[in-house]
Amino acid sequence: MSITFEVFRGSNEGKIVADKTTRVLEPNEVYIETTHSGLCGTDEHYLTSGIALGHEGVGIVRQLGRDVTSVKVGARVGFGYTHYVCGNCEKCLSGWDQYCENKKEYGSHDHDLGSFSGGTVWDARCVVPIPDGYESADAAPMMCAGATVWTCLMEYGVKPIDRVAVMGVGGLGHLAIKLASAMGCHVVVLSSSDAKRKEAFEFGASEYHVFRKGEELEDFKPVNHLLLCGSGSVDYSSLIPIMDVHGSIYPLTVDMVPSPVPLVFMNLKGIRIQGSLVASRRSLRSLLEFVAAKKITPTSMIFPLTTEGIETAMQTLRGGKMRYRGVLVRE
C-alpha cells in the first residue's frame, strides 16, 4: 500500500516549499503522523539543498509494515537523525548503531523524509517511545539537541563528582547545563558576556564565568570535561589552561574550516578532543526516561508547522533570537 503525505523542503532560493511525497511501506517500516518537530541549526545548513528538512520528530504511529512487532498503531514515538539501521552488524549489536556499518544499504540518505512534515515513514527499529506524561513539544528537541549532549555525558566517562564545563548557553548549551546538573555534576558555564548569567544558574549551573578569546580566567579550578556548544570556530590553545590533566573536550558545533590543535600542550596535560555523533537508539531511550523522571524540559519557543511558521522559526534562529529551541507544532 502506498502512502502520500506532506513534507517541507528547502529550495535553491533558501525558501521553505511545501511538497507531497509517496512511499510504499516496507516490511520493517512504520508510517508516523508527525505532530511536533524541533528546529536544529543543521536545518539551516541544508536550507538550499532541496531535501525534506527536520530530524527532531514526534508523532503517532498510524500504520505498520508486515514484519513490525516492536511498536503498535497509536503509539507516540520520537524519531531522530538516523532513519535506518541494519540491526545485525557489529556496531548495531554493540549498541553503537548510529555508526551502523550497513546504513547506506538501508536508505539512510533518503531525502524525502523528515520531521518538517505531515507524516513520515521510518524504520521501526529507529523510533523510540515517548514516556507517558512527557509532553511531545518537550520531547522533540531531545531527539537531536538533547541526544547530542546526552551521548557525551553518558558514553565517555563523565562522573557525578566531575567539573563539567559548558561553553555557550544556547540550544545545545542550555540542555547540557540542565542534564549535567541533574546527573549531579558541578556545572561550570563559560560565556562571552554576563547576559545569560541569571538563566544559567536557573538551569542548574554552579559557576558562571565570562570567558573571551585572549583572556585568562583568574583563580579558576580546571575542569574535567568541556562541552563546546557555541561557535564552531574554536581557538583550542585558549582552552588548554582551563582543562584538568586527562580532561576531555567535546566539539559539538563544527566548522568546515580546519581548526589548529596545539598538540604539544595537549600532550603535556593528556587532554583529549572527543568527537561525538548523534545518539544511538539505546542512548535516546535512556535520555527520554531520564528527562521524564527528573522532569527536565527544554526552554522552547513554539511555532506552527506550516510554511510560514517554519520560515518565521528559521528567521528567529538565524537572527540569534531563539530562546532556546524552536518547536514546530502541527494542528
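An unreviewed UniProt entry lists the protein chain under the name Alcohol dehydrogenase superfamily, zinc-type, with Penicillium roqueforti given as the organism. According to UniProt, the comment filed for the protein chain under the heading Sequence similarities (unreviewed entry) is "Belongs to the zinc-containing alcohol dehydrogenase family."

### Comments concerning the nonpolar core
Counting 45 residues, the largest nonpolar core has V149, I177, L179, V189, L227, L252 and V291 as its most contacted members. Secondary-structure elements contributing two or more residues to this core are α4 (145-155), β8 (163-167), α5 (173-182), β9 (186-191), α6 (197-203) and α8 (281-294). With six residues, the top contributor of residues to this core is α4. Sequence-distant contacts of V291, that is, excluding residues within four places in its chain, are made with Y134, M142, L179 and I296. Residues I3, V30, V68 and C86 belong to the second largest nonpolar core, which totals 25 residues.

### Regarding the domain arrangement of the protein chain
Interfaces are often described in size by the accessible area the parts lose on coming together. Each domain of the protein chain was delimited in the assignment, giving domain 1 (2-144 + 278-329) and domain 2 (147-273). Between domain 1 and domain 2, the C-alpha centre-to-centre distance is 27 Å. With 21 residues of domain 1 at the contact, the number on the domain 2 side is 19 residues. Between domain 1 and domain 2, roughly 1700 Å² of surface is buried when both sides are summed, and carbon and sulfur atoms account for 61% of that area. One can count one salt bridge joining domain 1 with domain 2.

### Describing the sheet that holds strand β10 (residues 207-210)
The strands making up a sheet are joined through hydrogen bonds of the backbone, oriented either antiparallel or parallel. Spatially, the six strands line up as an open sheet ordered β10-β9-β8-β11-β12-β13, and their pairing is parallel. Only two strands of the sheet have a single neighbouring strand rather than two, namely β10 and β13 (272-273). As paired strands, β9 and β10 are joined by four bridges and run parallel to one another. Residue pairing in the sheet places V189 in a bridge with Y208 of β10.

### Digging into α8
For α8, which comprises 14 residues, the first-to-last C-alpha distance of 20 Å matches the rise-based estimate of 20 Å (1.5 Å per residue) to within 8%. Buried within α8 we find R281, S283, L284, L287, L288, F290 and V291. Tucked inside the fold, the buried residues of α8 contact α2 (90-93), β7 (127-129), α3 (136-139), α4 and α5. In the segment just after α8, K295 is the residue with positive phi, at about 55 degrees.

### Describing the packing of α4 against α5
Where α4 contacts α5, the axes come no closer than 9 Å and their chain directions differ by 45 degrees. Classified by the angle between their axes, α4 and α5 sit oblique to one another. Here α4 runs over α5; the crossing is right-handed. Here A145, G146, V149, W150 and L153 of α4 come into contact with α5, specifically with L175, A176, L179 and A180. Taken together, the residues of the contact of α4 with α5 sort by class into eight nonpolar, one polar and no charged.

### Focus on the packing of aromatic side chains
Considering all chains together, one arrives at six aromatic pairs under this definition. Residues W96 and Y99 carry aromatic rings whose centres are separated by 6.1 Å and whose planes lie at 45 degrees to one another, so their mutual orientation is tilted. With a relative accessible area of 34%, Y99 lands in the partly exposed category. Judged by centre distance (4.8 Å) and plane angle (35 degrees), the ring pair of W150 and F290 falls under tilted. On the criterion of sequence distance, the pair formed by W150 in helix α4 and F290 in helix α8 is long-range, its members being 140 residues apart. Each member of the pair, W150 together with F290, is buried.

### Re the pairing of strand β4 (residues 57-64)
When strand β3 (residues 29-39) meets β4, the two strands line up antiparallel, connected through seven bridges. Opposite T34, over in β4, you have G59 as the bridge partner. Pairing of β4 with strand β5 (residues 76-79), which is carried by four bridges, proceeds in the antiparallel orientation. Its bridge partner lying in β5, I60 is registered against R76.

Criteria and cut-off values
- Residues numbered from 1 in each chain as written.
- Predicted model: local features only at pLDDT ≥ 70, side-chain atom pairs only at ≥ 80, totals over all residues.
- Heavy atoms only, no water.
- UniProt positions renumbered as here; feature names shortened; annotations may be inferred.
- Core = buried A, V, L, I, M, F, W, Y, C linked by side-chain atoms within 4.5 Å.
- Buried < 20%, exposed > 50% of the residue type's maximum accessible area, 1.4 Å probe, protein only.
- Helix = DSSP H or I, 4+ residues; strand = E, 2+ residues; numbered from the N terminus.
- Contact = heavy atoms within 4.5 Å.
- Domains from an automatic or database assignment.
- Buried area = accessible area lost by both parts, 1.4 Å probe.
- Salt bridge = Lys/Arg side-chain N within 4 Å of Asp/Glu carboxyl O.
- Pairing = 2+ DSSP bridges.
- Expected span 1.5 Å × (residues − 1).
- Axes fitted to C-alpha atoms, helices over the stretch in contact; angles between N-to-C directions.
- Parallel < 35°, antiparallel > 145°, perpendicular 65-115°, else oblique.
- Left-handed = near helix turned anticlockwise from the far one by under 90°.
- Nonpolar A, V, L, I, M, F, W, Y, C, P; charged D, E, K, R; others polar.
- Phe/Tyr/Trp six-rings, centres within 6.5 Å; stacked < 30°, edge-to-face > 60°.

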